[in-house]
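# Summary of the model geometry
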Amino acid sequence: MRDRRRSGLSLTMMAAVGLLMSLLVGSCGEDPTEANSIVSSIPLRQLVIRETTLVATGSSTFRQSIPMNGLELLLGRTNTYESSLLLEWYPVYFPARDTIKVLSATLTLRTNTFYGDSISPLEFTVYRISRSWDEATVTWDSVDATFYDGSVARGTYSGIVSSDTQTVSVSLDTGMVRQWFSTLTTDNAPLKYGIILIPSGSTRIIRGFRSFESDSTDYHPTLKVIAANLAGTTVDTSTYNMGIDTFVKRSDDLTLPPGTIAVMAGAVYRSSLSFDASCIPRGSIVNKADLQMHLDPLTSRISRFYPDSAVAPALRLSASDSTEFYTTETSASFGSPGSGLPGTFHFDVASIVQSWVRGPNYGLVLKVPYYPERGSINLFVFYDQTTATTALRPQLRIVYSTPKN
Amino acid sequence: MTLMHHATFSLQQIPAGSPPLRTLLRCAVLAALLGTLSSGALAGSGGSGYSVLGLGDLRYLGGTRSAGMGFTGLAIPSPAFLNPASAATWFGLDRARVEISGLYEGIDADNGISSRYLARVLFNGASLGIPISTKDGIAVVVGLVPYSNINFDTYGSSSAVFSQDTMQYTLHYTGSGFLGKGFIGLSWRPLEQLSLGASFDYYVGSLERAIEQVPSGTDFRGGKSTTTSRMSGASGTLSAVCPSFGFLGSALAPLSLGAVFSLRGNLRYRGDESGSYNAVNDTLPDLKGRAILPPLLGVGIAYSLGGRFIVAADYYTQQWEKAELSGQPLRQVQNAHRWAIGVERTGATEVVSSFFNRASYRAGFTHNTTYYKPNGNGINEWFITAGATVPFVMDNWLAFAFEYGRRGTTEFGLLRDTFFRVHFSLNISETWFVTSEDE
C-alpha cells in the first residue's frame, strides 16, 4: 500500500515538474512579428494583382415612398413639390383641467433654411389630425382625406420669412387646445393627435423648420397656452415643447433628360446601376473599387438644407426589386465631387464589389444619405451609360488581388 | 540470447497488480496534463518555416526511447516500450502499458542575415498496449501519434503599380494544424525467430494556411484568405522482426533485423477556401478529392553487446514524389531518405541496483534527406540525439530524449533551422486482470 501511495505521489510530482519545465522552456521563444520575421525564398502562396475598369451594363431610376422623420421639418410648396408638416405634443404633458378657459394658444416654429423663391410668402393652414400616427411610418400616402379634419381651419399663417433664424408664430384655435386639457377627451384620444400644417396653393417656397430633435429646446416647435379659470381670476401661461413630428412630401413625376439617372431627397428617388464583374475570380480581395459618376449640373439642384453634396452607394439585394438594398451609410463610401473635373463624383464601393465577387451581383443603388434624404430636397442627376459622351459614362475602376494556387 | 534485454521486472518481482481502474484514472490525469501542455495556451510561438510546404513537418514515429537512439528501433523489440513504428516489436509485452509523450521544440531560423527563435510544446503521442498471450507474443496496442504538423508565421511585402496609383502592402502568412494517425495493431510471434505485426492506421486532421494582405494607408483595402485541407482515411502498416539469428550460429544470436512497410494511404481530401475581405465573408465551394500518402519502407538492424549494450541502425525511404492532393502532385517535395544509428546502454534489471544503474542511456545520429524541395533545392537535415529512461516506481518509467540538429541552408535564400527538441514520456504499466490480494 505504501508503494502505491509513493507511486501516486511520484506520478503527481513528475507531472508537476514536467508541466513546470514545459512552461519554462516554452516561454523561451520569441513571438513572431513582422519586425523579426525571417525573409526567405521558400515558396509561399502569392497574390496576382490586377486592375480593370468596368462600364455599367444597366441603370434605372425609381421612386420610393419612405417616412421622413428627419431633423428638419419641411413645409411649403413649389412647382413640383408640396410638403405638409405634422406635429403632436405629448398628451401626457397636458394637465387634466376640464374647467379652464384657454385665452390663447400660439404655435411657434423656428426657421432654419429654405428652398424656392425666398421673397415669396409662406402661407399655410392648420388642421386637427383625426387619427393616430407614427413619425417613423407616416408618408404622403398615409395622409388621405380621413387623416385630418379639413372642414375647420384651426389657424392660418401668411408672411414672408426673411431670415433663416427667425420664428413663425401662429394662433391656434383655443377650442381645439382646450380639448387637449380636458379629461373628457382622455377616452376620446382622436382629439389629441396634434395638427397638420398644409401649405396654400399660392405658396412658392419650402421652408425648413427645427424639429423636436433639435439640440436646444429653444428651437423646438413650441405651444404656448394662456389659460384662466372660469371665473377669470387666475391666469396661467404654459409652454409645451416635447412631442413627435415629421413632414410628408409629394412630388410630381421626375422628368429627367435622356441618358441620365437621378437620386433625390424628400420625395425620394433612387437609382440602380449594374456592372458585370464576372471577370474577377471568386476569392479575390477587392483592394479598391472607385465608381466614377459625372453630374449634370443643369438639372441637379443642391439646396441649402444640406449643402454638402454627398450621395451614398448601397448594395442591391434583389434582382427584381431595386428597393431592397443594404448600406452601412459610412461617410467614407459616400460619393462626393473629387478633385478632378468639376461635377465628377467618386464612390468607394469596394465592399459592394466584394459582395458581387462572392455573389450574387444585382448591382448597386445610389441614394441620398439618410439625414439629407429626410431633410432636404437635393436632386443629383448623373449621366448614365447611354449618354452620348463616352467620357461622361459611369466607370468602375477595380484593383483586386487573387490568391494564386 | 535475444535483444529483449531492456530493463524490466519479471512478474514474480512485482506485487499483485492494481486494478485497471486506478491505471485508467492515472492515464486520464496524465493525458489531460499532456493535452493541456499541447494546447494553444502553452503551445509557444511557432514552428519551422519549411512547414509551409507539403503536409508540413513530418514526425518520426518510434517514441521517446527510439528518439534517444536517433530514431532507430525497428529491430529492437521491447517489453517495456511501445514503438508505434513497428507492431512486430511488441511481442515481448508482458504487462499492460500506457505511454504518453510530449515534445518541446525550439527552432532558431536563420536566413544568413538575421535569425529568430521560436519554441512550442506539442502533444507527441499516446499508446496503450495490452498483452494477450505472452507465449505467442500476441499483444494489442492502440494509440494516437502525430503524423505531421504545420506552424509558421512569416511576413512579406511588395507593391503594385497601377494606372493612377501604387499599392504598398504587407503579406502575413500563417499556418497551423496537424495530421494525426490513430492506430490499432497486433503482434504475433509464430516462430521463435520471427515476429510479425500489422496495424490498422487511420489518418485524420486538417492543415490551415492563411494569407493576409494588409495595404499601407487607407486608399486600398486588404483581406485574408484561408485554405483548409482536411484529410481522413485508412491505411495499414506491416512489420516483421527477427529477434535473433542464433539458429545460424551463436555469434549471430545477438543480431536482430526488422522491417516495416506502411501501405499507400488513400485519404479523403476536402479543401476549402474561405476569406474575409472588406467585411464580406465568403467560403468557396469545397474541393473534394483524394490525398495520396506514399508508402514508407523501413529496415533496421541491431546487435546486442554483452547483454547491456545495443547498437542499431535504421533506414527509411518514402516516395513523396508520388504523393498527391486532389489529383495533383504535391509540389516542392522530393523522395525522402533517412538513415540513423543509435546505441543504448540498457539499465540493470535487479531491484537492488542503484538508481543510475537501473536507468538506460542512449545516443544516436540521424541524417535525413527530407521531403522538402523548395525551388528545386533539396533540404537535408542531421541531428544528434541523447536520451535516458529512469525508473520511478516499480516498472514505470520516465523517458527523455534530446535532439540537436540542423536543417536546410542559408544559400539560395533559404532558411537554416537549428533545432533543439526535448521528448518526454511517461510509461506506466500494471498487471491487469489479476486480482489483488487485498481486494
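The structure presented is a predicted model; accordingly, all values stated were derived computationally and were not measured. (Residues numbered from 1 in each chain as written. Chains lettered and ligands numbered in written order. Predicted model: local features only at pLDDT ≥ 70, side-chain atom pairs only at ≥ 80, totals over all residues.)

### Digging into the overall build of chain B
We count it as follows: The way it works is that DSSP assigns letters per residue, a run of H or I at least four long becomes a helix, a run of E at least two long becomes a strand, and they are numbered from the N terminus. Any two residues are considered in contact once their C-beta atoms, placed from the backbone, lie within 7 Å.
If you tally the helices and strands in chain B, you get three helices and 21 strands. The long-range fraction of contacts in chain B, counting pairs at least 24 apart against all pairs at least 6 apart in sequence, stands at 67%.

### Details of the overall build of chain A
The criterion, for reference: Exposed residues have 12 or fewer other C-beta atoms within 10 Å of their own C-beta, buried residues have 20 or more, and partly exposed residues fall in between, where C-beta atoms are placed from the backbone.
Scanning chain A from N- to C-terminus turns up four helices and 23 strands. Buried positions account for 42% of the 405 residues belonging to chain A. Long-range contacts, defined as pairs at least 24 residues apart, comprise 82% of the intrachain contacts of chain A with a sequence gap of at least 6.

### Remarks on the domain arrangement of chain A
Accessible area lost upon the coming together of the parts serves often as the stated size of an interface. Residues and elements named next belong to chain A. Test applied: Note: domain ranges come from an automatic or database domain assignment. Each residue gets one of three labels, nonpolar for Ala, Val, Leu, Ile, Met, Phe, Trp, Tyr, Cys and Pro, charged for Asp, Glu, Lys and Arg, and polar for the others, Gly among them.
Examined at the domain level, chain A breaks down into domain 1 (49–65 + 253–403) and domain 2 (81–250). For domain 1 and domain 2, the distance between their C-alpha centroids amounts to 39 Å. At the junction of the two partners, domain 1 supplies seven residues and domain 2 supplies 11 residues. Of the residues assigned to the side of domain 1 that touches domain 2, the class counts are three nonpolar, three polar and one charged.

### Here's the deal with the nonpolar core
Note on soluble globular proteins: their nonpolar side chains tend to be buried together. All names here are of chain A. Definition in use: We call a set of buried Ala, Val, Leu, Ile, Met, Phe, Trp, Tyr and Cys residues a nonpolar core when their C-beta atoms link them within 7 Å.
One finds Leu75, Leu86, Met264, Val286 and Val353 to be the most contacted residues of the largest nonpolar core, which totals 95 residues. Take this core: its biggest share by element is six residues, from strand β4 (residues 101–116). In this structure, this core is formed jointly by two domains, domain 1 (49–65 + 253–403) and domain 2 (81–250), each of which donates at least three residues. The contacts of Val353, once residues within four sequence positions are left out, are Ala277, Val286, Ala289 and Ile398.

### Let's talk about helix α2 (residues 174–181) of chain A
All names here are of chain A. This is how the line gets drawn: For this quantity, the arc is that covered by the directions from the helix axis to the C-beta atoms.
When we look at burial in α2, the residues that qualify are Met176, Val177, Trp180 and Phe181. For α2, the buried positions fall inside an angular range of 150 degrees around the axis, keeping them on one side. Buried residues in α2 make contact with β4, β5 (122–129) and β11 (222–228).

### Overview of the confidence of the model for chain A
The condition that has to hold: One number per residue, pLDDT, summarises how confident the predictor is, and it ranges from 0 to 100.
Per-residue confidence for chain A gives a mean pLDDT of 86, with 88% of residues at or over 70. Note on residues 1–9 of chain A: pLDDT is under 50 here. Beyond four places in sequence and across chains, it has eight contacts.

### What to know about the environment of Ile49(A)
The residue Ile49(A) is located in strand β1 (residues 47–63) in this model. What makes Ile49(A) buried here is the crowd of 20 C-beta atoms within 10 Å.

### Quick notes on the pairing of strand β5 (residues 152–161) of chain B
Within a regular strand, the side chains alternate between the two sheet faces. As a reminder of what qualifies: When DSSP finds two or more bridges between two strands, those strands count as paired.
For β5(B) and strand β6 (residues 166–191) of chain B, the ladder comprises 10 bridges, and the chain directions are antiparallel. Across the sheet, residue Ser157(B) finds its bridge partner in β6(B), namely Thr170(B).

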